[in-house]
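If you want the building blocks of each chain, they are given just below.
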Amino acid sequence: MLAKKVPPLQKVLLRVSRSASHLARQKYDVIVVGGGHAGTEAAAAAARVGAETLLVTQKIHTIGALSCNPSLGGVGKGQLVKEVDALDGLCGRAGDWAGIHFSILNRSKGPAVWGPRAQLDRQRYRHFIQSELLSTPRLTVLEGSVEELLVTETNPEEPGRHRVTGIRLANGSHPISASSVVLTTGTFLSGSLFMGQTTSPGGRIGDAPSSAGLSHTLRERLGLRVGRLKTGTPPRILKDSVDLSLAHLHAPDKQPTPFSFLNTHTRCKPEEQLPCYLTYTTPGVERVVKESLHLNCHIQQDTKGPRYCPSIESRVLRFPGRSHQVWLEPEGVTSDLLYPQGLTMTMPPDTQLRLLREIPPLHRAEIHTPGYGVQYDFVCPTQLSPALQVKNTQGLFLAGQINGTTGYEEAAAQGLWAGVNAGRSALSKPPVSLSRTESYIGVLIDDLVGRGVTEPYRMFTSRAEFRTSLRPDNADLRLTLKGFEEVGCVSSSRYQEAVRVRDSLQDALTALQSLALSSSSWKKKLGNIGISETKSSSLNGMDLLQYNNVSFEMLASVFPECLSPYMEFSQRLKIEAVYRPHCDLQRKEMERIRREESLSLPQDMDYLSLPVSLSMEVREILDRVRPSTLGAATRLQGITPAAIVHLLNYVRQTGQKEKRAHRNQLGQKEEREREEEQCATNVSLPQ
């Protein structure tokens with residue numbers, strides 16, 4: 001089943017306003033500023049919780065636009081998409097509708113860190129989001145640019161030094177009032193575009209810059225700490241100018257895996273999926289980069305950019321002499337463009353063409369749109385509450401890149417949660433929060449408001465302490481029930497389906513646990529499955545599913561009356577069985593970390609070459625700060641919970657080895673002293 005069929009967009013566009021004077025009202029419960037991934041999720045979520053909502057965007061036809069890469073999901077990011085969908089968000093269903101190349105990343109590892117991902121058709125994705133938004137009850141869309149926020153006296157019954165009560169548009173029209181305002185300005189907040197030595201105001205090429213008044217309000221009137229970040233995008237290449245026979249073909253999964261829990265299949269049939277292609281940079285690319293540095297003002301500035309999606313200039317300068325991957329990705333079913341992932345660049349357009357043609361499949365490439373860089377303001381997110389409301393300002397919520405993150409998925413997750421809380425605040429309901437123990441959204445928000453950012457924040461599975469329980473497969477059980485019963489952002493139909501799934505899975509687990517046999521009996525029923533017959537205790541069905549070569553289908557073939565009703569959950573039951581003991585172990589690990597916070601860390605430790613699994617980002621932070629205790633390390637921005645576990649284990653193991661070595665040395669010393677004493681005694685004996 002595919003949960004949504006998109007109506008013709010022309011009919012839907014009749015439901016929008018292109019002028020504030022045409023609005024049916026001048027006061028709303030919630031106003032959302034910005035129509036990107038954060039803004040669309042925020043507006044839809046606020047409307048779902050029951051708030052009359054207005055979405056203000058510069059151009060209606062760019063709502064839901066994929067500004068950079070035409071893809072959704074990935075490792076860590078795919079988990080966010082699944083959670084947004086579990087809370088009835090938009091992007092998962094949009095991905096199923098627009099996807100043209102589906103794959104599960106990290107499949108060689110455990111299912112907890114699998115990364116659902118899809119290449120998208122830009123036009124299909126944008127049309128889905130627009131049709132969904134423009135047909136949402138209680139949601140109005142207005143085309144316009146926001147000049148400033150309306151700031152008034154605070155409500156003395158609530159914390160805060162300021163109160164935002166609406167917006168004023170740049171065209172000088174009447175102000176529009178609201179109980180809550182959500183800012184999702186993306187890269188447009190005092191944004192500047194860079195290409196070679198040319199700079200112009202803006203947040204995306206082809207779009208007008210945002211008003212300077214909005215940034216002024218945040219800095220001067222509200223007194224918020226504002227920083228500066230940068231990002232970029234690669235040139236778009238004409239597909240017909242590329243020799244794909246010189247690149248490595250990368251096929252999609254044979255069977256697409258939907259993002260949405262409501263969908264059993266995707267719009268794109270398996271045989272209709274498009275391939276991607278892999279190629280590599282050459283020494284010629286490095287030569288062009290180095291020869292053109294004096295023409296590239298963006299790369300010369302020290303504004304922080306995304307560590308995990310750097311420009312080709314940054315990669316060449318940081319890792320000279322290396323060959324770097326370049327993925328050639330389709331932009332749509334009928335698109336004549338390719339997106340060269342890995343080639344973000346900000347040099348002059350003619351130099352970009354020279355660089356591209358140093359790569360064999362691109363030796364005759366033609367550029368449709370050159371790459372460029374963007375610098376923009378962001379608000380330091382430690383000034384936000386877990387509801388994503390500005391602490392010192394009543395009624396103001398922030399989501400997306402304005403909070404220092406990077407990526408569609410991170411923006412969508414924040415947008416949904418900010419929209420939920422903005423709507424609840426407007427309806428005089430208490431704020432809600434998500435714990436980092438129950439969701440990646442909780443991890444994301446806790447990292448932002450608790451630790452802040454010094455560079456654009458990207459989600460990874462390693463950031464989550466409880467990632468074995470925060471899996472893509474169980475996001476509905478973790479969040480959909482809460483989303484309906486406590487938050488109010490989930491539809492009744494989705495809730496009923498989640499309840500059905502929960503009850504069926506529980507019945508299936510009970511049935512599996514009731515099937516208890518000896519190991520020899522299991523071997524007789526299932527054949528050679530690698531179970532030791534020396535096991536004295538009996539094994540139940542859940543125990544059997546922990547073996548790699550045992551599937552739920554195998555057990556159902558032996559016990560059809562008991563297990564066949566649950567065949568639709570076969571993969572989920574297998575994953576649940578495999579991870580149940582790991583989840584218990586993980587909880588014990590985190591309890592151990594809390595007990596060991598006072599553990600001293602050696603000040604001469606060489607973090608850069610430590611023989612443990614730590615990312616270079618974590619190593620650099622530890623080497624720079626050199627925390628004195630494990631507890632101090634846990635509070636450092638950028639240090640993942642997984643890194644703390646590895647560090648704890650290493651220090652403990654090293655300490656035990658040193659103790660054993662010290663005991664051995666003491667033992668050897670005592671032995672030598674006994675021998676010397678014995679010798680002395682022997683010498684003193686009469687002959």
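Look up a bit, the structure's there.
Bear in mind the structure is a predicted one, so any value in this text is a computation, not a measurement.

Peer 1: Which residues make up the sheet that holds strand β3 (residues 71-73), and what are the values?
Peer 2: Read from one edge of the open sheet, 3 strands run β3-β5-β4, paired in antiparallel fashion. Edge strands, defined here as strands with exactly one partner in the open sheet, are β3 and β4 (99-105). Each neighbouring strand pair of the sheet contributes to a mean axis angle of 20 degrees, computed without reference to strand direction. In this sheet, strand β5 (residues 115-120) lies alongside β3 in antiparallel orientation, the contact comprising 3 bridges. By the bridge assignment for β5, serine 71 is matched with glutamine 119.

Peer 1: How would you explain the pairing of strand β17 (residues 337-341) if you had to name every residue and give the values?
Peer 2: β17 sits mainly inside the fold: 4 of its 5 residues count as buried. As paired elements, strand β16 (residues 325-330) and β17 share 4 bridges and run antiparallel to each other. Paired with glutamate 329 across the two strands is tyrosine 339, which belongs to β17. Remark: 6 residues form the turn of the hairpin made by β16 and β17, two consecutive strands paired antiparallel.

Peer 1: Hey, could you go over the layout of surface pockets for me, with residue numbers and the actual values?
Peer 2: Estimates place the volume of the second largest pocket at around 980 Å³. Looking at the second largest pocket, it is lined by 32 residues, and the ones nearest its centre are Lys82, Thr257, Asn263, Gln571 and Arg572. Counting residues per element, the ones that place at least two in the lining of the second largest pocket are α13 (475-487), α14 (492-514) and α19 (570-595). Across the lining of the second largest pocket, the residue classes break down as 14 nonpolar, 8 polar and 10 charged.

Peer 1: Which residues make up the packing of α14 against α19, and what values do they have?
Peer 2: Look at α14 against α19: their axes get within 11 Å of each other, and the N-to-C directions meet at 65 degrees. Between α14 and α19 lies a crossing whose hand is right-handed. Where α14 abuts α19, its residues Val501, Leu505, Ala508, Leu509, Leu512 and Gln513 lie against Arg572, Leu573, Glu576 and Arg580. Looking at side-chain class alone, the contact of α14 with α19 contains 6 nonpolar, 1 polar and 3 charged residues.

Peer 1: Tell me about the packing of helix α11 (residues 408-426) against helix α12 (residues 440-451), and please be specific about residues and values.
Peer 2: The interhelical angle for the contact between α11 and α12, taken along N-to-C directions, is 90 degrees, at an axis separation of 10 Å. Taken together, the axes of α11 and α12 lie roughly perpendicular to each other. Here Glu410, Ala413, Gln414 and Trp417 of α11 come into contact with α12, specifically with Ile441, Leu444, Ile445 and Leu448. Here the residues of the contact of α11 with α12 sort into 6 nonpolar, 1 polar and 1 charged.

Peer 1: Tell me what's going on with α19, and back it up with residues and numbers.
Peer 2: Look at α19: 38 Å from first C-alpha to last across 26 residues, which is about the 38 Å you get at 1.5 Å a residue. Of all the bends found along α19, the most pronounced is centred on tyrosine 579 and spans about 40 degrees, while proline 581, a proline, follows it within four residues. Inspection of α19 places Ser570, Arg572, Leu573, Lys574, Ile575, Ala577, Tyr579, Cys583, Gln586, Met590 and Ile593 among the buried residues, and these make up the whole buried set.

Peer 1: Please give an account of the sheet that holds strand β13 (residues 236-238) that cites residues and values.
Peer 2: Reading across from one edge, β14-β15-β16-β17-β13-β18 is the order of the 6 strands in this open sheet, with antiparallel pairing throughout. Every interior strand has two partners, whereas the edge strands, β14 (248-250) and β18 (367-369), have only one. When the angles between neighbouring strand axes are averaged without regard to direction, this sheet yields 35 degrees. Across 3 bridges, the pairing between β14 and strand β15 (residues 276-280) is antiparallel. What sits directly across from histidine 248, in β15, is leucine 278.

Peer 1: Provide a residue-level description of unusual backbone geometry, including the pertinent values.
Peer 2: The backbone of asparagine 106 shows a phi angle near 70 degrees, a positive value even though the residue is not glycine. Relative to the helices and strands, asparagine 106 resides in the loop between β4 and β5. Residue asparagine 106 is classed as partly exposed on the basis of its relative accessible area, which comes to 26%. One non-glycine residue, arginine 626, lies in positive phi territory at about 50 degrees. Inspection of the secondary structure assignment puts arginine 626 in the loop between α20 (616-625) and α21 (630-634). Taking the relative accessible area as the measure of exposure, arginine 626 reaches 25% and is therefore partly exposed.

The rules behind the values
- Residues numbered from 1 in each chain as written.
- Predicted model: local features only at pLDDT ≥ 70, side-chain atom pairs only at ≥ 80, totals over all residues.
- Heavy atoms only, no water.
- Pairing = 2+ DSSP bridges.
- Helix = DSSP H or I, 4+ residues; strand = E, 2+ residues; numbered from the N terminus.
- Axes fitted to C-alpha atoms, helices over the stretch in contact; angles between N-to-C directions.
- Buried < 20%, exposed > 50% of the residue type's maximum accessible area, 1.4 Å probe, protein only.
- 1 Å grid on protein atoms, 1.4 Å probe; cavity = no way out; pocket = protein on both sides within 12 Å on 5 of 7 lines; lining within 4 Å.
- Points joined across faces, edges and corners; volume = space filled by probe spheres on them.
- Nonpolar A, V, L, I, M, F, W, Y, C, P; charged D, E, K, R; others polar.
- Left-handed = near helix turned anticlockwise from the far one by under 90°.
- Contact = heavy atoms within 4.5 Å.
- Parallel < 35°, antiparallel > 145°, perpendicular 65-115°, else oblique.
- Expected span 1.5 Å × (residues − 1).
- Bend = angle between axes of the 7 residues up to and from the residue.

From the geometry alone we can't say anything about function, so treat these as descriptive.
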